[in-house]
Amino acid sequence: MIFKKSFTQDAVNGVRMGEGKVGFRGFQMNIHCFFTDGILIDTGAKSLEKYFVPYINQLNIDKVVLTHFHEDHTGNAAHIEEKLQVPLYMDNTMIEDCREKADYLLYRQIFWGKRKPFHASPLEDTFQSANATWSVIKTPGHAIDHLAFFNRETGQLFTGDLYCQVRTKVALREESIPVIIESLKRVLAFDFDEVFCSHAGPLRDGRTALNRKLDYLTDLQGNILKLYEEGKRPEEIKKELFPEKYPITIFSAGEWDSIHIVKSIIDQRIPVS
């Protein structure tokens, strides 16, 4: 299998960005890391280390904060720990798991690389950078340990994989759409406009984008529950709402699938009293 890989750099309003891309046969995925005020947010994928490592090495990093444990975000964390000796921080939920050899499906190892073990410390509710105080916002749903970071000085919000795109069509098997809805509501309580998404990149009208995603998921939740209450089975609901077959569903052998959206909403519905 021949992968095409590329890397670009950019900067927006004091935030430096490195974006790596990997794909084959027309299917492509990307991942960003962000650097501002001495803080590196996420580290890119191990499969793209020949791009991310030189980029990271020339930054004057005080500390690294990780949005969550997934390998496309933590793939070069071990390099930073071992070679740069810069401290890493993340939510405490998956810290012990990240100290061990990564265990995830083969397609993810092929696509994003084999993440090496690393040692991180737990984040508190806030942390400091050179010129700002940051709020650490718990935003589970995509991953159990997912965090967003809000720079109180600049009003910039870094959302990891909370956004990605407005119209979610597939989800990981362990994802929860109802929990993502609550996470979106939580970040929208903060006073921000500019958003930096790990996959979509900078969203200058970020508040509007996140509100649109919240509205989409809330409407989707209502539609799925209505169809379920009418007696339709999850697979029937999937066929009605998501008739298209997505390449990632085939490539991941079903770990990414629209059915996980449907089931997560049905499984976590609020019983009618």
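Being a predicted model, the structure only gives us computed values, none of them experimental.

## Description of the overall build of the protein chain
Assigned secondary structure in the protein chain consists of ten helices and 15 strands. Over its C-alpha atoms the protein chain spans a radius of gyration of 19 Å, differing by no more than 12% from the 19 Å that the globule rule assigns to 273 residues. Counting only residues that meet the buried cut, the protein chain has 55% of its 273 residues in that class. When contacts within the protein chain are restricted to residue pairs at least 6 apart in sequence, those whose partners lie at least 24 apart make up 62%.

## Digging into the nonpolar core
Of all hydrophobic cores here, the largest spans 37 residues; its most connected members are Leu 40, Ile 61, Val 64, Met 90 and Phe 118. Listed by contribution, the elements that provide at least two residues to this core are strand 2 (15-24), strand 3 (27-36), helix 1 (49-57), helix 3 (77-84), strand 6 (88-90), helix 4 (95-98) and helix 5 (106-112). Take this core: its biggest share by element is four residues, from strand 3. Excluding residues that lie within four positions of it along the chain, Met 90 makes contacts with Leu 66, Phe 69, Ile 95, Cys 98, Phe 118, Ala 120, Ser 121, Pro 122, Leu 123, Asp 145 and Leu 147. Core analysis: the second largest hydrophobic core is formed by 33 residues, Ile 177, Leu 214, Leu 225 and Ile 237 among them.

## Looking at helix 1
The complete set of buried residues in helix 1 reads Phe 52, Val 53, Tyr 55 and Ile 56. End-on view of helix 1: buried residues confined to an arc of 165°, all on one side of the axis. Where helix 1 is buried, its residues contact strand 1 (4-12), strand 2, strand 3, strand 4 (39-41) and helix 3.

## Comments concerning the pattern of salt bridges
Per the stated rule, a full pass over the model turns up ten salt bridges. Residue Lys 46 pairs with Glu 49 through a salt bridge whose shortest N-O separation is 3.0 Å. Note that Arg 108 and Glu 255 form a salt bridge whose closest N and O atoms lie 3.1 Å from each other. Of this pair, Arg 108 sits in helix 5 while Glu 255 sits in the loop between helix 9 (247-251) and strand 15 (256-257); the two residues are 147 residues apart in sequence, bridging distant segments of the chain. Assigned by exposure class, Arg 108 and Glu 255 land together as buried. Among the ionic contacts, a cluster of salt bridges with common partners joins Glu 71, Arg 108 and Glu 255.

## Regarding unusual backbone geometry
Look at Asp 37: it is not a glycine, yet its phi comes out positive at around 55°. Structurally, Asp 37 can be placed in the loop between strand 3 and strand 4. Accessibility expressed as a relative area gives 23% for Asp 37, which makes it partly exposed. Backbone geometry places Cys 164, a non-glycine residue, at a positive phi of 65°. Here Cys 164 is to be found in the loop between strand 11 (156-160) and strand 12 (171-172).

## So, the sheet that holds strand 9 (residues 133-138)
With mixed pairing, the six strands of this open sheet are ordered in space as 8-9-10-11-13-14. Unpaired on one side and paired on the other, strand 8 (126-128) and strand 14 (201-203) mark the two borders of the sheet. Recorded for the sheet is a direction-independent mean angle of 25° between the axes of neighbouring strands. Two strands pair when backbone bridges link them, and strand 11 and strand 13 (residues 195-197) are joined in this way by three bridges, in the parallel orientation. Considered in strand 13, the bridge of Gly 160 is made with Cys 197.

## Notes on the state of the cysteines
As enumerated under the stated definition, the model contains zero disulfides in all. The thiol sulfur of Cys 98 is not disulfide-bonded, and the nearest other cysteine sulfur, from Cys 33, lies at 17 Å. No disulfide involves Cys 197; its sulfur sits 4.6 Å from that of Cys 164, the nearest cysteine.

Reading guide: rules and limits
- Residues numbered from 1 in each chain as written.
- Predicted model: local features only at pLDDT ≥ 70, side-chain atom pairs only at ≥ 80, totals over all residues.
- Heavy atoms only, no water.
- Helix = DSSP H or I, 4+ residues; strand = E, 2+ residues; numbered from the N terminus.
- Rg over C-alpha atoms; globule rule 2.2 N^0.38 Å.
- Buried < 20%, exposed > 50% of the residue type's maximum accessible area, 1.4 Å probe, protein only.
- Contact = heavy atoms within 4.5 Å.
- Core = buried A, V, L, I, M, F, W, Y, C linked by side-chain atoms within 4.5 Å.
- Arc of directions from axis to C-beta.
- Salt bridge = Lys/Arg side-chain N within 4 Å of Asp/Glu carboxyl O.
- Pairing = 2+ DSSP bridges.
- Axes fitted to C-alpha atoms, helices over the stretch in contact; angles between N-to-C directions.
- Disulfide = S-S within 2.5 Å.

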